[in-house]
Amino acid sequence: MTDPLVDGIGVDRLVAELTRRGQTVATAESLTAGLLAATVAGVPGASAVLRGGLVVYATDLKSTLAGVDRDVLDTDGPVAATTAASLADGARRTCSADWGVGLTGVAGPDSQDGHPVGTVFVGIAGPDGTDVNELRLSGDRWTIRRDTVREAVSELLRRVLSRTDV
């Protein structure tokens, strides 16, 4: 039986490409609470690329564990592009990885701080800088969390493949 988290996500291709390049990844996850790291770990051979992950569900942990500046959290809030970027940078730095992924958003069932359910920010930090994508997802909590992981894997793979210097 294959890992049910891996099916249909494309994460096996990401792990293969990171392995081929000798690169690593780390995560700082809020709304997904470790689901991305668990999905990567579901691929045989993931130990060569997955450095670790930070589950920063509580706002204060975004600062203390992932290094998000308190001013960013106070000004922009826990669900923001700046927070996702800082989470990605913090995961990369804290876990000494080539790539960092920061995930924050609202899975529901209620809106949060004026953000509707399905608002998600995916931060990707790498050797060439940090980018953030804002997503508008729909569905129940599980669907939003699962689609967040799918989008994060897709975006990270795109960024990895765009680097021709490795």
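Preceding this section is the structure that the text describes.
Residues numbered from 1 in each chain as written. Predicted model: local features only at pLDDT ≥ 70, side-chain atom pairs only at ≥ 80, totals over all residues. Heavy atoms only, no water.

Here's the deal with helix H1 (residues 11-21)
(1) Moving on: Here H1 has its buried residues at Val11, Leu14, Val15, Glu17, Leu18 and Arg21. An end-on view of H1 places all buried positions within 165° of arc, on one side of the element. Opposite the packed face of H1, turned more than 90 degrees from it, sit the exposed residues Arg13 and Arg20.
(2) Moving on: On the buried face of H1, the contacting elements are strand S1 (25-29), helix H2 (35-41), strand S3 (99-105) and helix H6 (141-162). (Buried < 20%, exposed > 50% of the residue type's maximum accessible area, 1.4 Å probe, protein only. Helix = DSSP H or I, 4+ residues; strand = E, 2+ residues; numbered from the N terminus. Arc of directions from axis to C-beta. Contact = heavy atoms within 4.5 Å.)

Let's talk about the sheet that holds strand S2 (residues 50-55)
(1) Moving on: Ordered in space as S2-S1-S3-S4-S5, the 5 strands form an open sheet in which the pairing is mixed. Each edge of the open sheet is held by one strand with a lone partner, namely S2 and strand S5 (129-136). Ignoring which end each strand starts from, the neighbouring axes of this sheet average 15° apart.
(2) Moving on: As defined by bridge partners, S1 adjoins S2 across 5 bridges and the pair is classed as parallel. (Pairing = 2+ DSSP bridges. Axes fitted to C-alpha atoms, helices over the stretch in contact; angles between N-to-C directions.)

A short note on the pattern of salt bridges
A side chain of one charge can pair with a side chain of the opposite charge when the charged atoms of the two come close.
(1) Moving on: Inspection of the entire model under this criterion finds 8 salt bridges.
(2) Moving on: A salt bridge links Arg159 to Asp128; the shortest N-O distance between them is 2.6 Å. Of this pair, Arg159 sits in helix H6 while Asp128 sits in the loop between strand S4 (119-126) and S5, and the two are 31 residues apart along the sequence.
(3) Moving on: The exposure class of Arg159 is buried, given its relative accessible area of 3%.
(4) Moving on: Residue Asp128 is classed as partly exposed on the basis of its relative accessible area, which comes to 42%.
(5) Moving on: Counted as one network, the salt bridges with shared partners bring together Glu17, Arg20 and Arg21. (Salt bridge = Lys/Arg side-chain N within 4 Å of Asp/Glu carboxyl O.)

What to know about helix H5 (residues 81-94)
(1) Moving on: Over its 14 residues, H5 extends 20 Å from the first C-alpha to the last, a length consistent with the 20 Å expected when each residue adds 1.5 Å.
(2) Moving on: Thr83, Ala84, Ala85, Leu87, Ala88, Gly90 and Ala91 are the residues of H5 that are buried.
(3) Moving on: A positive phi of about 50° marks Ser96, the residue just after H5. (Expected span 1.5 Å × (residues − 1).)

Structural notes on the nonpolar core
For soluble globular proteins, the rule of thumb is that nonpolar side chains tend to be buried together.
(1) Moving on: Ranked by internal contacts, the top residues of the largest apolar core, which has 31 residues, are Val11, Leu14, Leu36, Val101 and Leu156.
(2) Moving on: Looking at this core element by element, the count peaks at 7 residues for H6.
(3) Moving on: Every residue in contact with Leu14, bar those within four places of it in the chain, is listed here: Val153, Leu156, Leu157 and Val160.
(4) Moving on: Counting residues in hydrophobic clusters, the runner-up holds 12 residues, among them Val72, Ala91, Cys95 and Ala97. (Core = buried A, V, L, I, M, F, W, Y, C linked by side-chain atoms within 4.5 Å.)

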